[in-house]
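# Residue-level structural notes
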Amino acid sequence: MRRPFEGRELLRQLDEIGSKSLPVVALAGAAIGFVLALESRSSLVRFGAQSMLPAALVFSIIHETGPIVTGLVVCGRVGAGLGAELGSMKVTEQIDAIEASGVNPYKYLAFTRIVACILMLPLLTLAADFCGVLFGWIAETLVQPVPFHRFINHGFAGATFSDFLAPTLRTAVFGLIIGTIGCFQGMRTQGGTAGVGLSATSSVVLSSLFVILADVFLVKFILVFFP
Amino acid sequence: MMQPEQGVLVSAEESSAARGLESSGGGNDGPAVVMRGLHQSFGSQVVLDGIDLSVASGETVAVLGRSGTGKSVLLKLIIGLQKPDAGSIQVFGQEITRLSLDAMNEVRKKMGFLFQNAALYDSLTVAQNVAFPLRRHTRMTEAEIGDRVKELLAGVGMERALEKMPSNISGGMQKRVGLARALALEPGILLLDEPTAGLDPITSGEIDELILKLQEEHHTASIVVTHDLQSARTIADRIALLHEGKVRIDGSFEDLEKSEDEFVKEFMKRDS
């Protein structure tokens, strides 16, 4: 790669895609954790296994709920944003202006956004996981008070490093999918403002679909290599 | 009429070496752009049907014609945003129709393009817009870029709008900033797509004066696409009138006035 490395634009996108998605991802993680704890409790109580709740909750959130919820929330927020932003730039000739000034728009616009998505999705997933576990504990404590450290100790008792690593890194693939589809749909926008709307919609629909499909394949893949 | 501050812009020849810029303006005696037999179609619609046109260094040519006659397409072919179906385009003697993307980007540094709606990057401030090509194509420090941006914006009367966002300035101001951005790399060729479209007559006149002033200071070759015959008369050395995909007439404003061609007479009559 040659100069410039578009570091300034990459930082802006890390903030735009990462930091600004944090509140909604954290909220979604918290809600899922809270509801999951309430629902799981009633099932576990039926079998006299309520002591398993912390482990069940942590396992469920870290392995599947946290990654997929983060992926889908980012599909909505960032997928629509990329489709609309780049679509608007396309129809107002801003992408042509970048190209006319001798700069590769794919490197400046698409590369930076895709890299930002790949880097930020795992971090956002960790935030969603944390909020999910925290609000799972709050839901449990409302029914039967339990100290947070004991809840955590029970929850993570059987967990290993690979339990975190593979599912969290899986979301980097979600980031690749969301960034690539959002940029592709945005940069091929045609037909004025109506086209911008279509690009935003198709970015969300396609990236959600491909994130779900990728989740299915990656879960199978991870189970093979990290049984 | 606007009276831009005189002597604010330093000439390209004086300043480019110190800035690490490869100045492409002035000093080149050959033609800046030569187009031969250009054809361009979109589906079954033939837009350009054998265009022959050349622009000498330092010369300003206005391209006129009815809507949809391919005037803007012509500019996009020259800057390489579109590839012609057939024909040749030479920029400073270099054939550009078969260039790779990297080689085309090198040629693009010798050209400045003002888009019809200015096409300023709306996520960047006015100053960042003008600095955009400088950051990518020069070895200037941030301080030097800052000075150069102020200098360019002062040259177009926009020195007070450095930190404004494009959405917070008027259409005429956006055109001025677009002009400053187009001039940032001291290009040898300026391509102006409808520089006065959508502006009131007074602002249009100001933009025309600004273009004239910049041409005097930078000695760039310019191709100006416009609907505005009075604007073309003010800023252009030559006028090329497109009709049915060909150059119907190529000459001075007086040549157009004297022409016996029915379409040219009709065009001049409607505009007057």
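Fair warning: this is a prediction, and the values are worked out from it, not measured in the lab.

Cut-off values and rules
- Residues numbered from 1 in each chain as written.
- Chains lettered and ligands numbered in written order.
- Predicted model: local features only at pLDDT ≥ 70, side-chain atom pairs only at ≥ 80, totals over all residues.
- Helix = DSSP H or I, 4+ residues; strand = E, 2+ residues; numbered from the N terminus.
- Buried ≥ 20, exposed ≤ 12 C-beta atoms within 10 Å, placed from the backbone.
- Contact = placed C-beta atoms within 7 Å.
- Nonpolar A, V, L, I, M, F, W, Y, C, P; charged D, E, K, R; others polar.
- Pairing = 2+ DSSP bridges.
- Right-handed = clockwise from strand over helix to strand, strands pointing away.
- Axes fitted to C-alpha atoms, helices over the stretch in contact; angles between N-to-C directions.
- Left-handed = near helix turned anticlockwise from the far one by under 90°.
- Core = buried A, V, L, I, M, F, W, Y, C linked by C-beta atoms within 7 Å.

## Structural notes on the overall build of chain B
When helices and strands are counted, chain B shows 10 helices and 10 strands. Out of the 272 residues belonging to chain B, those deemed buried represent 44%.

## Quick look at the interface of chain A and chain B
Interfaces are often sized by the accessible area lost when the parts come together. At the junction of the two partners, chain A supplies 11 residues and chain B supplies 15 residues. Of the residues contributing to the side of chain A that touches chain B, the split by class is four nonpolar, four polar and three charged.

## What about the sheet that holds strand β2 (residues 45–56) of chain B?
Consider a sheet: its strands pair through backbone hydrogen bonds, and that pairing is either parallel or antiparallel. Residues and elements named next belong to chain B. The strand order β2-β1-β4-β5 describes an open sheet built from four strands, whose pairing is antiparallel. Unpaired on one side and paired on the other, β2 and β5 (94–95) mark the two borders of the sheet. Here five bridges tie strand β1 (residues 31–42) to strand β4 (residues 86–91), and the two strands are oriented antiparallel to one another. Opposite R36, over in β4, you have S88 as the bridge partner.

## Observations concerning the pairing of strand β8 (residues 221–225) of chain B
Residues and elements named next belong to chain B. Within β8, five of the five residues are buried, leaving the element largely enclosed by the surrounding structure. Residues A221, I223 and V225 of β8 are buried on one face, and the alternating residues S222 and V224, pointing to the opposite face, are buried as well. Note: strand β3 (residues 60–65) against β8, four bridges, orientation parallel. Paired with V61 across the two strands is I223, which belongs to β8. When strand β7 (residues 189–193) meets β8, the two strands line up parallel, connected through five bridges. Across the sheet, I189 pairs through a bridge with A221, a residue of β8. Between the parallel elements β7 and β8, the chain passes through helix α7 (residues 201–218) in a crossover that is right-handed.

## Points about the packing of helix α5 (residues 105–143) of chain A against helix α7 (residues 161–187) of chain A
Residues and elements named next belong to chain A. Running from N to C, α5 and α7 point in directions that differ by 145 degrees, and their axes come no closer than 7 Å. Where α5 crosses over α7, the handedness of that crossing is right-handed. Residues L109, A110, R113, I114, C117, I118, M120, L121, P122, T125 and L126 of α5 lie in contact with α7, whose contacting residues are T168, L169, T171, A172, F174, G175, L176, I178, G179, T180, C183 and M187. The residue inventory of the contact of α5 with α7, partitioned by class, reads 16 nonpolar, six polar and one charged.

## Remarks on the environment of B:I235
All names here are of chain B. For I235, the location among the structural elements is in helix α8 (residues 229–235). Since 23 C-beta atoms lie within 10 Å of it, I235 is described here as buried. Distance from I235 to V224, taken between C-alpha atoms, is 8.8 Å for residues 11 residues apart in sequence. Residues within four places of I235 in sequence aside, it is in contact with T60, A62, D208, I211, L212 and V224.

## Description of the nonpolar core
B:V63, B:V130, B:A180 and B:L191 are the most contacted members of the largest nonpolar core, which has 127 residues in total. It is α5(A) that provides the largest number of residues to this core, a total of 16 residues.

Purely geometric stuff here, so don't read any function into it on its own.
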